[in-house]
Amino acid sequence: MARYDHLRLIRIPQELPRRKKPGFGKPVMRDRGDHSGRLNDELAQAVEQQAARKRPGIVDPSLILRVRMTDALLEESWHGAGLELLSSDPDKTLILFSSNGDLTHFRAQLEAYGGEIPERQKNAPFSQFISGIESIGAIEPRDRIGIRLREEGFVDLDDIVPDALMLLDLELWNIGSTQVRLTKLEELTRFIEDQGGTVYDRYNGPAISLLRIEVLGGVLAQLLSIDV
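One structure accompanies this document, and this report is about it. (Residues numbered from 1 in each chain as written. Predicted model: local features only at pLDDT ≥ 70, side-chain atom pairs only at ≥ 80, totals over all residues. Heavy atoms only, no water.)

Moving on, we get to the sheet that holds strand E6 (residues 198–204). Ordered in space as E5-E7-E6, the 3 strands form an open sheet in which the pairing is antiparallel. Each edge of the open sheet is held by one strand with a lone partner, namely strand E5 (165–171) and E6. On average, each strand axis in the sheet is tilted by 15° relative to the strand beside it, whichever way the strands run. The sheet contact formed by E5 and strand E7 (residues 209–216) spans 7 bridges and is antiparallel. Following the sheet pairing, Leu165 is matched in E7 by Leu216. Its contacts with the sheet place helix H6 (residues 178–194) against E5, E6 and E7, and it is angled at close to 175° to E6. (Pairing = 2+ DSSP bridges. Helix = DSSP H or I, 4+ residues; strand = E, 2+ residues; numbered from the N terminus. Axes fitted to C-alpha atoms, helices over the stretch in contact; angles between N-to-C directions. Contact = heavy atoms within 4.5 Å.)

As structure tokens, then:
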């Protein structure tokens, strides 16, 4: 008989926000050149920060960004820019994913928005989309702390006691196919076991991937620095 119960997936009652379709409303009034330039700088800094955190020996070109919006979700617009939505918060903060780290389409849209307005057009290209972006940044370890840990008072890395033994469910972002996520689960399992932790169970379904783990707080802090 198994010593530990298998992972139980609990459906949390919640009312998801209705998605608003792009194309309605007016663009936010901004100095387009300044706004485009600032977003480009923030994007470059976020990419640099994430590249610096990549673990030696692991080739992973994927990229995850934290973006704050001033307006509606515009998920279709992000898809057109080459990025996929992973999650959104009520404060209009989005977590976005690029599987290959190629931001060519998004950078081209930023450049077009900040350039000359084409003849017979009232607004610059991608005006509603780009003007609605307030800021771009890399996600931080505290952004990966789940709601249940937060409810227990763990809101930042400083709240984690390095020597405390913790039993946790670790969930991946939905970063691709089941096989892609399975590979990531296997990589994480090896990392956790190399650090002296234990993986008790694993679930890899169509839209959710989980490990049940027992690790010291210091290992948890390292896990929270891993992008996926």
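Moving on, there is more to tell.
So, on to unusual backbone geometry. Phi angles above zero are rare outside glycine, and Arg120 is one such case at about 65°. Looking at where Arg120 falls in the secondary structure, it is placed in the loop between helix H3 (104–114) and helix H4 (127–131). Judged by its relative accessible area of 84%, Arg120 is exposed. With a phi angle near 60°, Phe126 is a residue other than glycine that sits in the positive phi range. For Phe126, the location among the structural elements is in the loop between H3 and H4. (Buried < 20%, exposed > 50% of the residue type's maximum accessible area, 1.4 Å probe, protein only.)

The biggest cluster of nonpolar side chains holds 28 residues, and the ones touching the most others in it are Ile192, Leu211, Ile213 and Leu223. Mapped onto this core, the elements with two or more residues apiece are strand E3 (93–98), E5, H6, E7 and helix H7 (217–223). The element contributing the most residues to this core is H6, with 4 residues. In terms of nonpolar packing, the next biggest core, distinct from the first, is built from 24 residues, Leu43, Leu65, Leu73 and Phe106 among them. (Core = buried A, V, L, I, M, F, W, Y, C linked by side-chain atoms within 4.5 Å.)

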